[in-house]
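Structural overview
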Amino acid sequence: MVISGCRTKKIIKHSGPVPDRSKTEILNALVNHNYDFEWYSCETGITLDTPDEAVSGKAYIRMRKDSIIWSSMKKLGIEAVRTLVTPEKYIAANRLDHTYQKGSTEEAFAKMGISLDFMDMQQAIFGNIIIPDSNTVSIEKEGVQYIVKASDQDLQLKYWINAYDLELDRVKMVDYRGREIEVDFDDYRILDSGEKVAFYRHYAMPYNGNGDAEIFMKVKKIEVNIPKKTRFSISSRYERIN
């Protein structure tokens, strides 16, 4: 069986009658989707598709909760871009053309046109979601999924939960300006540390007020709560371009 969405298709391996689930089971599935962490690192194949460009490569991402997002993207085995983001500032170095950018993290998010802050971005990278207030929730069954609708401050939230295994297939967030962020999850695996996380993610979001950006990730390896080095330096020969 295939579920067709606006951007992805997910093959459902289950068969038989679609299970009936209680409201408690559905809400617990959302809560159980999230995990706390101090450190997170992953190695992933990644494709970034924006109105400006489409690039693919391998990315290494390391995070320390509430502190750092460090990433390195390689193309054909050569580091192309290294980025360091903190709650206050970001810096990104292009190793291929010897340039760099830096600035305010808050202003960068605002320019991108998304209603997220640094902590939200870390949670999204890990794969965590906003847990809705149960008083705002409505649930309906649609095919092999349960659709959960809720609100959180100025966000309208929608979740698609697989009725068979209670895995989260998709989440959509819409802010008061109508800007949407949508995330698809698939290929859930259990880590050595016990967390069950999606190794496939697809993110769709606004892009600089000019169309949408899409990020496709096929994760190869995830480690949780293992400290990692986050070295970052820029040669004096690099030119700042912003």
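Overview of the overall build of the chain
A tally of helices and strands in the chain yields three helices and 16 strands. Here the C-alpha radius of gyration of the chain, 19 Å, is about what a compact globule of 242 residues would show, namely 18 Å. Structurally, the chain occupies a C-alpha span of about 65 × 40 × 30 Å along its principal axes. Taking all 242 residues of the chain together, the buried fraction comes to 43%.

Here's the deal with helix 1 (residues 23–33)
Where helix 1 is concerned, the buried positions are Ile26, Leu27, Ala29, Leu30 and His33. Projection of helix 1 onto a plane perpendicular to its axis shows the buried side chains occupying an angular sector of 145°, all on one side. Across helix 1 from its buried face, at more than 90 degrees, point the exposed residues Thr24 and Asn32. Check the buried side of helix 1 and you find it contacts strand 9 (138–142), strand 10 (145–152), strand 11 (155–162), strand 12 (168–174) and strand 13 (180–190).

Topic: the pattern of salt bridges
Scanning all chains against the criterion turns up 16 salt bridges. A salt bridge links Asp175 to Arg179; the shortest N-O distance between them is 2.7 Å. Within this structure, Arg170, Lys172, Glu180, Glu182 and Asp184 form a network of salt bridges that share partners.

Considerations on the confidence of the model for the chain
Counting all residues, the mean pLDDT for the chain is 91, and 95% of those residues have values of 70 or more. Note on residues 1–9: pLDDT is under 50 here. Beyond four places in sequence and across chains, it has 27 contacts.

Some thoughts on helix 2 (residues 105–112)
Side chains that are three or four residues apart share a direction in an α-helix, a result of its 3.6 residues per turn. Capping of helix 2 at its N-terminal end is provided by Ser104; its side-chain oxygen lies 3.3 Å from the backbone amide nitrogen of Glu106. Two residues or fewer after helix 2 comes Gly113, characterised by a positive phi angle close to 85°.

Some details on the environment of Asp36
Structurally, Asp36 can be placed in the loop between helix 1 and strand 3 (39–49). Note on Asp36: relative accessible area 55%, which makes it exposed. Of note is the side chain of Asp36, whose polar atom sits 2.6 Å from the side chain of Lys65.

Section: the pairing of strand 7 (residues 89–94)
One ladder, built from five bridges, connects strand 6 (residues 78–85) with strand 7; its direction is antiparallel. Looking at strand 7, one finds that Arg82 is bridged to Ala93. Linkage of strand 7 to strand 8 (residues 99–104), two consecutive antiparallel strands, is achieved through a turn of four residues, within which His98 is found at a positive phi near 60°.

Considering unusual backbone geometry
The phi dihedral of His98 is positive, around 60°, even though this residue is not glycine. Its location among the elements puts His98 in the loop between strand 7 and strand 8. Phi is positive for Asp187, which is not a glycine, with a value near 55°. Tracing the chain through its elements places Asp187 in strand 13.

Reading the values: the criteria
Residues numbered from 1 in each chain as written. Predicted model: local features only at pLDDT ≥ 70, side-chain atom pairs only at ≥ 80, totals over all residues. Heavy atoms only, no water. Helix = DSSP H or I, 4+ residues; strand = E, 2+ residues; numbered from the N terminus. Rg over C-alpha atoms; globule rule 2.2 N^0.38 Å. Buried < 20%, exposed > 50% of the residue type's maximum accessible area, 1.4 Å probe, protein only. Arc of directions from axis to C-beta. Contact = heavy atoms within 4.5 Å. Salt bridge = Lys/Arg side-chain N within 4 Å of Asp/Glu carboxyl O. pLDDT = per-residue confidence, 0-100. Polar contact = N/O pair within 3.5 Å; in protein donor to acceptor, adjacent residues only side chain to side chain. Pairing = 2+ DSSP bridges.

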